[in-house]
Amino acid sequence: MNRNPIVPFILIMVLGIGLMFMLSFMGLDNSKEMADEKKGGGEKKTEEVASNPEDVYKQTCAGCHGNQYEGGAGPALKGVGGRYSHDEIKTIITEGKGNMPPGLVKAENADKMAKWLETLK
């Protein structure tokens, strides 16, 4: 039995065109939602801020200082309490130092974070 070799290409073309239309309509719907958000309406998304120092570390610090505080792009944090005073640690956390950018930890959480870092051995 001879099959027409063009049939698979036509099916793929029809499927592709249908997919393009479907994605276009979905995009139109999303653009309406985005316009509503710009006007101040729509669903507001709030970012959860961790208050537990270990959670803050996992979210903002572990990428550079390592999951086990061993260091990486940033220095190791084990024993940091012996190298710096509490106030120095707070200053580094809020203002940054070297390649560490400032503002990764909010000022109101800096004291808790500094106390927690001092306990790492």
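Note that the coordinates shown come from a computational prediction; the quantities given were computed from them, not determined experimentally. (Residues numbered from 1 in each chain as written. Predicted model: local features only at pLDDT ≥ 70, side-chain atom pairs only at ≥ 80, totals over all residues. Heavy atoms only, no water.)

Taken as a whole and judged by the stated rule, the model has three aromatic pairs. On the numbers, 5.7 Å between centres and 50 degrees between planes, the contact of Tyr57 with Trp116 is tilted. Of this pair, Tyr57 sits in helix H2 (residues 53-65) while Trp116 is found in helix H5 (residues 107-118), placing the two residues 59 residues apart along the sequence. Across the pair, exposure class does not vary: Tyr57 and Trp116 are buried alike. Members of the aromatic cluster, each reached through a chain of ring pairs, are Tyr57, Tyr69 and Trp116. (Phe/Tyr/Trp six-rings, centres within 6.5 Å; stacked < 30°, edge-to-face > 60°. Helix = DSSP H or I, 4+ residues; strand = E, 2+ residues; numbered from the N terminus. Buried < 20%, exposed > 50% of the residue type's maximum accessible area, 1.4 Å probe, protein only.)

Judged by nonpolar contacts, the single largest core of 16 residues is most densely connected at Tyr57, Ile93, Met113, Trp116 and Leu117. Sorting the residues of this core by element identifies H2, helix H4 (86-95) and H5 as the ones contributing at least two each. Looking at which element gives the most residues to this core, the answer is H5, with five residues. Non-local contacts of Ile93, meaning those with residues more than four positions away in its chain, are made with Met100, Gly103, Val105, Ala110, Met113, Ala114 and Leu117. (Core = buried A, V, L, I, M, F, W, Y, C linked by side-chain atoms within 4.5 Å. Contact = heavy atoms within 4.5 Å.)

As a packed pair, H4 and H5 sit with axes 9 Å apart at the nearest point and diverge in direction by 125 degrees. Taken together, the axes of H4 and H5 are oblique relative to one another. H5 is crossed by H4, and the crossing has right-handed handedness. Between H4 and H5, the residues in contact are His86, Ile89, Lys90, Ile93 and Thr94 and Ala107, Ala110, Asp111, Met113, Ala114, Lys115, Leu117 and Glu118, respectively. When its residues are assigned to classes, the contact of H4 with H5 shows seven nonpolar, two polar and four charged. (Axes fitted to C-alpha atoms, helices over the stretch in contact; angles between N-to-C directions. Parallel < 35°, antiparallel > 145°, perpendicular 65-115°, else oblique. Left-handed = near helix turned anticlockwise from the far one by under 90°. Nonpolar A, V, L, I, M, F, W, Y, C, P; charged D, E, K, R; others polar.)

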